[in-house]
Amino acid sequence: MRIDVVSIFPSYFDGLTLSLLGKARDSGILDVNVHDLRDWTSDRHRTVDDTPYGGGAGMVMKPEPWGLALDALASRVAAPADEPGRAEQRPTIVFPSPAGEVFRQATARELATRDHLIFGCGRYEGIDERVFEEAAGLGEVRLISLGDYVLNGGEVAVMAMIEAIGRLIPGVVGNPDSLVEESHEDGLLEYPSYTKPSLWRGREVPPILLSGNHGAIAAWRREQQLERTRRRRPDLLAD
Ligand code: ADE
């Protein structure tokens with residue numbers, strides 16, 4: 001998968017060289033490219049924002065640098081050589097926004113199937129609305145929110161999305177079993193985990209986990225998942 005990120009703070013993404021995603025980049029599974037939006041400006045001050053039409057607080061990101069950035073990045077993944085008749089693949093262009101659809105595990109699963117993702121990180125009061133219309137001519141456009149709160153910009157949201165998507169790509173997480181038994185994979189929260197020692201500060205590991213009875217352990221874990229979800233996230237059960 002190719003991932004392009006456009007931001008005025010590219011160094012936010014330095015963390016993508018670490019851990020499992022860093023290894024996936026080194027091995028070529030993930031091709032992540034971070035770009036500075038200001039590279040697509042042409043004035044001396046490398047201006048990316050201006051005052052909003054109609055008035056109001058804050059600044060809005062100008063459309064011109066975004067238009068050039070998306071034009072340059074949208075055609076980076078060619079159709080596979082064994083499908084010469086197929087048109088060049090269109091990217092999925094994600095704009096993080098508190099006004100977008102909420103990012104869920106299902107969203108991560110869906111986006112993990114794409115060949116090319118472009119993330120456009122807005123700052124200030126957002127990006128000129130015409131950029132989204134223009135982007136729709138280049139690929140599938142998704143406005144996606146990390147949750148119902150406001151961040152200073154899209155960078156932290158995109159870091160979270162890339163991590164959630166990237167770890168679903170085959171080969172990124174060493175043991176694929178660990179992807180199955182996780183919170184949200186089956187619509188429930190994960191069961192509690194324990195490791196050695198079996199007695200720590202007077203606290204015991206639930207004896208069933210030491211019983212060796214795999215059927216009973218699986219049933220206990222399922223009950224724990226349900227109980228936790230009922231208590232902490234009843235909205236998931238309603239879904
Ligand atoms: N930018 C600012 N707030 C955001 C949020 N909640 N999700 C995604 N992008 C954002």
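Being a predicted model, the structure only gives us computed values, none of them experimental.

Caption draft 1: Broad picture of the overall build of the protein. On a plain count of helices and strands, the protein comes out with eight helices and nine strands. Dimensions of the protein, computed from the C-alpha atoms along their principal axes, are close to 70 × 50 × 35 Å. For the protein, buried positions account for 38% of its 239 residues. The long-range fraction of contacts in the protein, counting pairs at least 24 apart against all pairs at least 6 apart in sequence, stands at 74%. Of the accessible surface of the protein, which amounts to about 13800 Å², a share of 51% is contributed by carbon and sulfur atoms. With 27 positive and 37 negative side-chain charges, the protein shows a spacing of 7 Å between the two charge centroids.

Caption draft 2: Focus on helix 7 (residues 214-232). Given a rise of 1.5 Å per residue, 19 residues ought to cover 27 Å, and the 26 Å separating the end C-alpha atoms of helix 7 matches this to within 8%. I217, W220, Q225, R228 and T229 are the residues of helix 7 that are buried. The buried residues of helix 7 occupy an angular sector of 165 degrees when the element is viewed end-on, so they sit on one face.

Caption draft 3: Expanded view of a nonpolar patch on the surface. Among the surface-exposed residues, F9, Y12, Y149, L151 and V156 lie close enough to one another that they form a single nonpolar patch of about 450 Å² accessible area. For F9, the position within the fold is in the loop between strand 1 (2-7) and helix 1 (19-26).

Caption draft 4: Broad picture of the packing of aromatic side chains. Tallied over the entire structure, the rule returns three aromatic pairs. Their ring planes at 75 degrees and their centres at 6.2 Å tell us that W66 and F95 sit as a pair that is edge-to-face. Residue W66 is located in helix 2 (residues 63-74), and its partner F95 is located in strand 5 (residues 92-102); the two are separated by 29 residues in the primary sequence. Each member of the pair, W66 as well as F95, is classed as buried. Relative to F132, the ring of F95 has its centre 4.8 Å away and its plane inclined at 75 degrees; by these criteria the two rings are edge-to-face. Here F95 is found in strand 5, whereas its partner F132 is found in helix 4 (residues 130-135), with 37 residues between them in sequence. Residue F95 shares its accessibility class with F132, and that shared class is buried.

Caption draft 5: Quick look at the site of the ligand. Close to the ligand lie P96, S97, P98, I144, S145, L146, G147, Y149, V150, L151, G153 and A157, which account for all nearby residues. Between the ligand and the protein, one listed contact pairs a nitrogen atom with a backbone N or O atom of S97 at 3.2 Å. L146 is positioned with one of its backbone polar atoms (N or O) 2.9 Å from a nitrogen atom of the ligand. When the free accessible area of the ligand is taken as 260 Å², the share hidden by the protein chains comes to 96%. For the shell around the ligand, the secondary-structure elements that each account for two or more residues are strand 5 and strand 7 (140-145). Among the elements that take part in the shell around the ligand, strand 5 stands out by supplying three residues, more than any other.

Caption draft 6: Spatial organisation of the environment of V141. Structurally, V141 is set in strand 7. A sequence separation of 117 residues divides V141 from A24, and the C-alpha atoms of the two residues are 26 Å apart. Setting aside residues no more than four positions away along its own chain, V141 makes contact with I93, F95, F132, A135 and A136.

Caption draft 7: Quick peek at the sheet that holds strand 1. Read across the open sheet, the five strands follow the order 2-1-6-5-7; overall the sheet is parallel. The sheet is open, and its two edges are formed by strand 2 (31-36) and strand 7, each paired on a single side. The mean inter-strand angle of the sheet, taken between neighbouring strand axes irrespective of direction, is 30 degrees. Relative to strand 2, strand 1 is paired through six bridges, and the arrangement is parallel. Looking at strand 2, one finds that R2 is bridged to D31. Here helix 5 (residues 155-166) sits on the sheet and contacts strand 1, strand 5, strand 6 (116-120) and strand 7; the angle it forms with strand 6, its principal contact strand, is near 160 degrees.

Parameters at a glance
- Residues numbered from 1 in each chain as written.
- Predicted model: local features only at pLDDT ≥ 70, side-chain atom pairs only at ≥ 80, totals over all residues.
- Heavy atoms only, no water.
- Helix = DSSP H or I, 4+ residues; strand = E, 2+ residues; numbered from the N terminus.
- Buried < 20%, exposed > 50% of the residue type's maximum accessible area, 1.4 Å probe, protein only.
- Contact = heavy atoms within 4.5 Å.
- Areas by Shrake-Rupley, 256 points an atom, 1.4 Å probe, with all protein chains shown as cover.
- Lys, Arg positive; Asp, Glu negative; His and termini not counted.
- Charge placed at Lys NZ, Arg CZ, Asp CG, Glu CD.
- Expected span 1.5 Å × (residues − 1).
- Arc of directions from axis to C-beta.
- Patch = residues over 30% accessible without salt bridge, like charges linked within 9 Å, V, L, I, M, F, W, Y side chains within 5 Å.
- Salt bridge = Lys/Arg side-chain N within 4 Å of Asp/Glu carboxyl O.
- Phe/Tyr/Trp six-rings, centres within 6.5 Å; stacked < 30°, edge-to-face > 60°.
- Near = heavy atom within 4 Å.
- Polar contact = N/O pair within 3.5 Å; in protein donor to acceptor, adjacent residues only side chain to side chain.
- Pairing = 2+ DSSP bridges.
- Axes fitted to C-alpha atoms, helices over the stretch in contact; angles between N-to-C directions.

Everything listed is a geometric property; what it means functionally is a separate question.
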